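# Structural overview for review
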Amino acid sequence: MGEDYRAMWESLGISMKRHCALMEALPAIYEKIYLSQQGRPEAMGFYDFVVSEIHGLRVKELIDHKDKGGKVFGTFCVYVPEELIFAAGGIAVGLCGGADFSVPTAEQILPRNLCALIKSAFGSKIGGICPYFQAADLIVGETTCDGKKKTWEILDEYVPTYVMDLPNSRSAADRDLWISELKRFVGKLEEVTGNTITPEKLAEATALINGKRAALQRLFDARKARPSPISGLDALLVAQISFYDDPVRFAQKTDELCDELEARVKRGEGVTPADAKRILYAGTPMPIPFWTIPSLIEGAGAVVVAEESCTGSRLLAGGQTAIPGDGVASQLAAIADRQLQTNCACFTPNDARIEDILRMVKDYEADGVIHFSLSFCQPYNLEGVRVQKVLQEAGMPVLLLEGDYTEEQAGQLKTRIEAFVEIL
Ligand code: BJ8
């Protein structure tokens, strides 16, 4: 990293020995998976820089914000509305864990039969290795899956954890419940930050997040071209970084990337030959630095053209949030209405997710779908059964996978993914 951040990490209570081990391992992994790719867009240089500063520059910005009296909020789900956090003068950072490194630490406390995403995040906190977690004044969880719900109760013993009660279906009563939860969250944010969320501040913050969403949508749209102008690995990295980078800078840099991609599309230029097999990923989110699945798919000569996941298109479900001009209550309803179009497997029924996948197969001209669920994630593992059936009926090749963040799993997944790409 460009600057010596040791003093900053120590002030955050980071466990220096473990943290050093993690930071020393990352460059070689990144080099192997990312920097070795051919034909990357030049604008990816910004995201490479962000990764090189992964626990540096952005964390320093958070500390500067805190020094001025600002608050930082750690989140784990796209249902926790960033708009409200920014409207209260706070900063939201996504804390979902994608590193296997912290899983064994979590397993000293949590049961092993829990998904790797939860264990990785929890282990980062307990092991004191994530400066974003350390910088957070309040953790905001949600009642999506049982694993998360119950983990928040334990996490609260280590760091103040607030929980939003997300309904698991979408009736009118559930919508009312979610709107009332957004209102309750407004109260909590105002209490923690000491700021009032006015209609003007909320409109401004909603526009800010809409800007980030629009840039990501442009990126995903560019990938509909044949050949795709960007690898699935690079697109995933951009989505992962959107969870914690400054939203204004992120939108600007992603727009610059999209300018380059759109120019490539016009010239008919891509990262793979035009006849490379196009894969739609569907399933659980892939938090940074979990890059195994696209790395294996693209290592087999195919290209990931879209992700039906919360580190992909599901993140943008509902499009732009409307900004009604008649006060906070209507603005909250607009946020809820946009969010409730996010078809997470935690909802039942969830037919709209299947429709999303079928639509994406067409829009992105996919040759096959790889549905991946983290082990012990019941919602996605079970929903995979229906996804597989519907895709088979539609004549679309589909591969159902489950796994975790370990190297051993990557070995097994490699064999199955290579065989699948081979038969396409
Ligand atoms: S809206 S996908 S971000 S909950 S993988 S922790 S479901 S056991 S992540 Fe998610 Fe919000 Fe849904 Fe999106 Fe549980 Fe499954 Fe683990 Fe998961």
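In what follows, the accompanying structure is described. (Residues numbered from 1 in each chain as written. Predicted model: local features only at pLDDT ≥ 70, side-chain atom pairs only at ≥ 80, totals over all residues. Heavy atoms only, no water.)

## Points about the sheet that holds strand S3 (residues 138-142)
Reading across the sheet, the 4 strands line up as S2-S1-S3-S4 and stay open at both edges, with parallel pairing between neighbours. Single-partner strands in this sheet number two, and they are strand S2 (91-94) and strand S4 (161-164). Here the strands of the sheet are splayed against their neighbours by 30 degrees on average, with no regard to which way each runs. Pairing of S3 with S4, which is carried by 4 bridges, proceeds in the parallel orientation. Bridge pairing in S4 places Val140 opposite Tyr162. The sheet strands contacting helix H4 (residues 57-67) are strand S1 (72-75) and S2, and the helix crosses S2 at an angle near 150 degrees. Relative to the sheet, helix H9 (residues 146-155) contacts S3 and S4, its axis offset from that of S3 by approximately 155 degrees. (Pairing = 2+ DSSP bridges. Helix = DSSP H or I, 4+ residues; strand = E, 2+ residues; numbered from the N terminus. Axes fitted to C-alpha atoms, helices over the stretch in contact; angles between N-to-C directions. Contact = heavy atoms within 4.5 Å.)

## Notes on the pairing of strand S5 (residues 278-283)
Burial analysis of S5 places 6 of its 6 residues in the buried class, which makes it a mostly covered element. Burial of the side chains of S5 extends over both faces: Arg278, Leu280 and Ala282 are buried on one face and Ile279, Tyr281 and Gly283 on the other. Across 5 bridges, the pairing between S5 and strand S6 (residues 303-308) is parallel. Bridge pairing in S6 places Arg278 opposite Val303. As a crossover connection, the stretch from S5 through helix H14 (residues 292-299) into S6 is right-handed. Examined bridge by bridge, S5 and strand S7 (residues 368-374) share 5 bridges and lie parallel to one another. Each residue of the ladder has a partner; that of Leu280, found in S7, is Val369. (Buried < 20%, exposed > 50% of the residue type's maximum accessible area, 1.4 Å probe, protein only. Right-handed = clockwise from strand over helix to strand, strands pointing away.)

## A closer look at the sheet that holds S5
The sheet built from 4 strands is open, its strands ordered S6-S5-S7-S8 with parallel pairing. Each edge of the sheet is formed by a strand with only one pairing partner; in this case those strands are S6 and strand S8 (398-403). Geometrically, the sheet is characterised by an average inter-axis angle of 25 degrees between neighbouring strands, direction not taken into account. Strands S5, S6 and S7 of the sheet are contacted by helix H16 (residues 351-363), whose axis makes an angle of about 170 degrees with S5.

## Considerations on the side chain of Thr342
Along the chain, the position of Thr342 falls in the loop between helix H15 (328-339) and H16. Taking relative accessible area as the criterion, Thr342 reaches 3% and is therefore assigned buried. For Thr342, the side chain forms a polar contact with the main-chain oxygen of Gln339, separated by 2.7 Å. Those residues within four positions of Thr342 in sequence are excluded, and the remaining contacts are Val78, Tyr79, Arg170, Cys310, Arg314, Ala317 and Phe347. (Polar contact = N/O pair within 3.5 Å; in protein donor to acceptor, adjacent residues only side chain to side chain.)

## Description of unusual backbone geometry
The step from Arg226 to Pro227 runs through a cis peptide bond, and the omega angle for that step is 0 degrees. Tracing the backbone shows Pro227 in the loop between helix H11 (199-222) and helix H12 (232-241). Following Thr348, the chain continues to Pro349 via a peptide bond in cis, the omega torsion being -5 degrees. Its location among the elements puts Pro349 in the loop between H15 and H16. Despite not being glycine, Glu365 has its phi angle at roughly 50 degrees, a positive value. Here Glu365 lies in the loop between H16 and S7. On the accessibility criterion, Glu365 (41% relative accessible area) is partly exposed. For Phe376, which is not a glycine, the phi torsion comes out positive at approximately 70 degrees. Looking at the element boundaries, Phe376 is found in the loop between S7 and helix H17 (378-393).

## A word on the packing of helix H10 (residues 172-193) against H15
Close contact between H10 and H15 brings their axes to 9 Å; oriented N to C, the two are set at 125 degrees. On the basis of their axis angle, the class for H10 and H15 is oblique. The handedness of the crossing between H10 and H15 is right-handed. Across from Arg175, Trp178, Ile179, Leu182, Lys183 and Val186 in H10, the residues of H15 making contact are Leu332, Ala333, Ile335, Ala336, Asp337 and Gln339. Of the residues assigned to the contact of H10 with H15, the class counts are 8 nonpolar, 1 polar and 3 charged. (Parallel < 35°, antiparallel > 145°, perpendicular 65-115°, else oblique. Left-handed = near helix turned anticlockwise from the far one by under 90°. Nonpolar A, V, L, I, M, F, W, Y, C, P; charged D, E, K, R; others polar.)

## Observations concerning helix H7 (residues 116-126)
Counting buried residues along H7, 10 of its 11 residues qualify, which places the element largely inside the surrounding structure. Within H7, the full set of buried residues consists of Ala116, Leu117, Ile118, Lys119, Ser120, Ala121, Phe122, Gly123, Ser124 and Lys125. Contacts made by the buried residues of H7 are with helix H6 (103-106), helix H8 (131-135), H9 and S7. Positive phi appears at Gly128, one or two residues downstream of H7, with a value of about 60 degrees.

Read these as spatial facts, not as claims about activity.
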